[in-house]
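Report on the structure
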Amino acid sequence: MLKPRSTPTRDLINLDGLWLFATDSSVGGSPWTAMLETQLEAAVPASYNDLFTDPAIRNHVGWVFYQRRVRIPRGWSGERVLLRFDAATHAARVYVDDVLVGSHVGGYTPFEIDITDAAPAGSEVRLTVAVDNQLTNVTIPPGTVTETHDGRRQQQYLHDFYNYAGLARSVWLHSTPTTRIEDITVITDVSGGDGIVRYDVETSASADVRVRVLDAHGAVVAEGAGATGELSIPGVTLWQPGAAYLYDLEVELVDGDTVFDSYAQAFGVRTVEVRGTELLINGEPFYFTGFGKHEDTAVRGKGHDDAYLVHDFQLLEWIGANSFRTSHYPYAEEVLEFADRHGIVVVDETAAVGLNLGVQGGLTGVGPKPTFSPETFNDETRSAHEQHIRELIARDKNHPSVVMWSIANEPASNEDGAREYFAPLVELARELDPTRPLTYAAVMFATPQNDQIADLFDILSINRYWGWYVFTGDLETAEHYLEQDLRGWAQRFGKPIMMSEYGADTMPGQHSVWDMPWSEEYQRDYLAMNHRVFDRIPEFIGEHVWNFADFQTSAGIHRVDGNRKGVFTRDRKPKTAAFSLRERWSSLDGRKPGAPAASDH
Ligand code: BDP
């Protein structure tokens, strides 16, 4: 799916700013597609939950409405007019004046709506977006809506981050020509010193396709013709972790001298390959250092913010991290583009978090239900999951920073039904992208003995909390079990293995000379214990600490104003562990502990 851009044939207008806002309960029976009767205005992009002081809005379960007026430029007559929502969490219906023009389900991927007929060039229209935050057993992520004794809806969910909702990413109005480029796919390879660029252009009508590759200075380094083809870049500059380099594939749809449409797709030339128990980027073994992150800041919730984007990447660089996982949903495209430009490696995850009823059983003591069954997570859940995989890969396939897809976090991979549920998803992901390895992050209950799906994947990503949720405060015992556990995975599956989560909740300012959970020293020592174990396991290919920063969760006795496993606080101040991670990771520089530097090979 192409990101809307301003090109010689396309115009782009940003619709961010303040929109009228109301919840469904506040507008009652009135026709809310008319001018909204409300005093409230919501910032876009931002989750709406923390903007207002009214708890009825923060805890609202159901639909909310965003509304603003939009003028379609006069000059767009004869063009297609589109609305593009970078995300609406979790489902949306879009109205132009009183007409429903489109809808979408899935809270973290973009969608476009053609409004050419509903909103002709030069007209001014009322744009209303209804957004629903409800999660059920057939949504991704899943959840359950219940009712209180007095009829208020409540949302339960199985994931450990606040169910922020609304328009947390940008909204765009844009034009494309009627004869247009619909999609571009770029797959790269390397042959000797040359870059190989295989491209595929989808168009709305048959017309000639012309392509050129421009280097970072705008010089043409390859050209060709045809909707699919292979180009060669002599003396290519590779996209490398820590040393990004991007080219543009400039695509034109033409008839002789007439250019119908033109679009430049950025890409990097790099290869990714799993060989034995290694992950190779450009033929070199890569060792992941970094974090599972969240899109989460005060007031904005999951609202994308360029200032936090820049600052978070500065902190990643400061601490020596070379990568992160988009736990537990696809992040804003701006984040991936930034990673592309700055050489940070990304494990790109779907929003399939919480497909695990065992976790709830374990935490509440309520007898667990089977996770996969017609009454719980079923075929309909799986087709929603399929759609999430399709939309993730469609959006992110051209990002060189993305080296692996994670199709779920902590599913009940130890339960019966997991294989039937996951095998078709793995097949689909491989069909959509044969070039990138696949993974899922394995929950603590899934052991090397009982896991039923790991062999379907390329890389083992393991989430473990030895020394936190189990053997709390006892790092010696934790070290023993962690090592046994990780060696078990390595031995049974013979695949590269990385730690996709390990962490300890930590209150900044809490100190102790003993192994005292919640203290800054305990977080530091807990991580150091994990690192000793990782460094003893030959199949190990990386470590992602949980979490980059503290983040908001639903209320509960396990959380104090959110999850405190951040190495940085929610406002991005370092805890003690940040300094020890910095020391370790800066010395590793993308190589496995003990491995020779690239120049020593
Ligand atoms: C894991 C989850 C993650 C949680 C983390 C924790 O993957 O989303 O936030 O544990 O408990 O189970 O901190």
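Just so we're clear, the structure is a prediction, and the values are computed from it rather than from any experiment.

A sheet is described by the order of its strands in space; here 4 strands give the open sequence E1-E12-E5-E8, paired in antiparallel fashion. In this open sheet, the two edge strands, each paired with only one partner strand, are strand E1 (12-14) and strand E8 (111-114). Across the sheet, the mean angle separating the axes of adjacent strands is 20 degrees when strand polarity is ignored. Here strand E5 (residues 80-85) runs beside E8; their pairing, made up of 4 bridges, is antiparallel. Residue pairing for E8: Leu82 is matched across the bridge by Asp114.

Let us now look at the packing of aromatic side chains. Scanning the entire structure with this criterion turns up 36 aromatic pairs. Summarising the aromatic geometry, the rings of Tyr108 and Tyr329 are spaced 4.6 Å apart at their centres and angled 20 degrees between planes, so their arrangement reads as stacked. You can see Tyr108 sitting in the loop between strand E7 (99-105) and E8 and its partner Tyr329 sitting in the loop between strand E24 (323-325) and helix H4 (333-342), a full 221 residues away along the chain. Here Tyr108 and Tyr329 have matching classes, each one buried. Here Arg68 stacks its cationic end above the ring of Trp19, 5.9 Å away from the centre of that ring.

Throughout the structure, instances matching the rule amount to 44 salt bridges. For Asp160, the salt bridge identified is with Arg559, shortest N-O distance 3.0 Å. Residue Asp160 is located in the loop between strand E11 (153-157) and strand E12 (171-176), and its partner Arg559 is located in the loop between strand E30 (540-546) and helix H10 (576-588); the two are separated by 399 residues in the primary sequence. Among the residues examined, Asp160 registers a relative accessible area of 30% and is labelled partly exposed. For Arg559, a relative accessible area of 15% translates into the label buried. Asp458 is the partner of Arg430 in a salt bridge, and the nearest nitrogen-oxygen pair spans 3.0 Å. Within this pair, whereas Arg430 is found in helix H7 (residues 418-432), its partner Asp458 is found in the loop between strand E27 (438-442) and strand E28 (460-463), the two being separated by 28 residues in sequence. Look at Arg430 and you get partly exposed, because its relative accessible area is 31%.

The α-helix winds at 3.6 residues per turn, so residues separated by three or four positions along the chain end up facing the same way. Where burial is concerned, most of H4 is hidden: 8 out of the 10 residues are buried. Buried residues in H4 make contact with E5, helix H3 (306-319), E24, strand E25 (345-349), helix H6 (379-396) and strand E26 (402-409). Gly343 occupies a position one or two residues after H4 and carries a positive phi of about 70 degrees.

What follows covers the domain arrangement of the chain. What the domain assignment lists for the chain is domain 1 (11-176), domain 2 (181-270) and domain 3 (288-600). Of note, the centres of domain 1 and domain 3, computed from C-alpha atoms alone, are 30 Å apart. Counting residues at the interface gives 29 residues for domain 1 and 44 residues for domain 3. Buried surface at the junction of domain 1 and domain 3, summed over both partners, amounts to about 2,800 Å²; 60% is from carbon and sulfur atoms. Contact with domain 3 buries surface across domain 1, with Ile140, Leu158 and Phe161 losing the most and accounting together for 24% of the total. Taken together, the connections running from domain 1 to domain 3 amount to 3 salt bridges. Taking the shortest distance from any N to any O, the salt bridge between Glu333 and Arg84 comes out at 2.8 Å.

Burial runs high along E5: 6 of the 6 residues are buried. Here E5 shows two buried faces, one formed by Arg80, Leu82 and Arg84 and the other by Val81, Leu83 and Phe85. Inspection of the sheet shows E5 paired to E12 by 6 bridges, in the antiparallel sense. What sits directly across from Val81, in E12, is Ser175.

In this section: the sheet that holds strand E17 (residues 228-233). With antiparallel pairing, the 3 strands of this open sheet are ordered in space as E13-E14-E17. The open sheet terminates on both sides in strands that have one partner only, identified here as strand E13 (181-191) and E17. Each strand of the sheet is rotated relative to its neighbour by a mean of 20 degrees, with strand direction disregarded. Both E13 and strand E14 (residues 194-203) contribute to a ladder of 10 bridges, which runs antiparallel. Paired with Thr188 across the strands is Val197, a residue of E14.

Let's shift gears to the pairing of strand E6 (residues 91-96). In terms of residue burial, E6 counts as a mostly covered element, since 5 of its 6 residues are buried. The pairing of E6 with E7 spans 6 bridges and is antiparallel. What sits directly across from Val94, in E7, is Gly102. Taking the residues that link successive antiparallel strands as the turn, the E6-E7 hairpin has 2 residues, and the phi of Asp97 there is positive, at about 50 degrees. Two elements, E6 and strand E9 (residues 124-132), share 6 bridges in a ladder whose sense is antiparallel. Pairing of Tyr95 across the sheet is with Thr128, part of E9.

The next subject is the side chain of Glu483. One can find Glu483 in helix H8 (residues 475-493). If sequence neighbours within four positions are ignored, Glu483 has contacts with Val533 and Arg536.

For any two helices packed against each other, one specifies the inter-axial angle together with the distance between the axes. Packing of H3 against H4 leaves a shortest axis separation of 11 Å and a crossing angle of 35 degrees. For the element pair H3 and H4, the recorded crossing hand is right-handed. Taking contact as the criterion, the partners of Asp306, Leu309, Val310 and Phe313 in H3 are, on H4, Glu334, Val335, Phe338 and Ala339. Looking at the contact of H3 with H4 residue by residue, the classes come out as 6 nonpolar, no polar and 2 charged.

Inspection of the secondary structure puts Pro55 in helix H2 (residues 55-58). Residue class for Pro55 comes out exposed when judged on its relative accessible area of 52%. When the C-alpha atoms of Pro55 and Ser206 are compared, they prove to be 54 Å apart, with 151 residues separating the residues in sequence.

Cut-offs applied
By convention here, each chain's residues receive numbers from 1 onward along its written sequence. Restriction of local features to residues with pLDDT of at least 70 applies here, the model being predicted, together with a cutoff of 80 or more for giving and counting side-chain atom pairs; totals for whole chains, interfaces and linings are based on all residues. Hydrogens are left out, water is left out, and the side-chain values use all remaining heavy atoms of the structure. Any two strands between which DSSP finds at least two bridges are classified as paired. Helical segments are the DSSP runs of H or I of at least four residues, strand segments are the runs of E of at least two, and each set is numbered from the N terminus. Lines fitted to C-alpha atoms define the axes here, with helix axes fitted over just the stretch in contact, and angles between the N-to-C directions of these axes take values from 0 to 180 degrees. Ring geometry is summarised as follows: Phe, Tyr and Trp rings, the Trp one being its six-membered ring, pair when their centres sit within 6.5 Å, and such pairs are stacked at plane angles under 30 degrees, edge-to-face over 60 and tilted between the two. For every residue, the accessible area obtained with a 1.4 Å probe (protein chains only) is divided by the maximum for its type, and the residue is called buried under 20%, exposed over 50%, and partly exposed between those limits. The criterion is that NZ of a Lys, or CZ of an Arg, lies within 6 Å of the ring centre and within 35 degrees of the ring normal, and then a charge sits over that ring. Whenever a carboxyl oxygen of Asp or Glu lies within 4 Å of a side-chain nitrogen of Lys or Arg, that contact is scored as a salt bridge. Any two residues whose heavy atoms approach within 4.5 Å are treated as being in contact. Note that the domain bounds were set by an automatic or database domain assignment. A simple way to read buried area is as the amount of 1.4 Å-probe accessible surface that goes missing from two parts once joined, with both sides added. With the far helix as reference, a near helix turned anticlockwise by less than a right angle produces a left-handed crossing, and one turned clockwise produces a right-handed crossing. Each residue receives one of three labels: charged for Asp, Glu, Lys and Arg, nonpolar for Ala, Val, Leu, Ile, Met, Phe, Trp, Tyr, Cys and Pro, and polar for the others, Gly being one of them.

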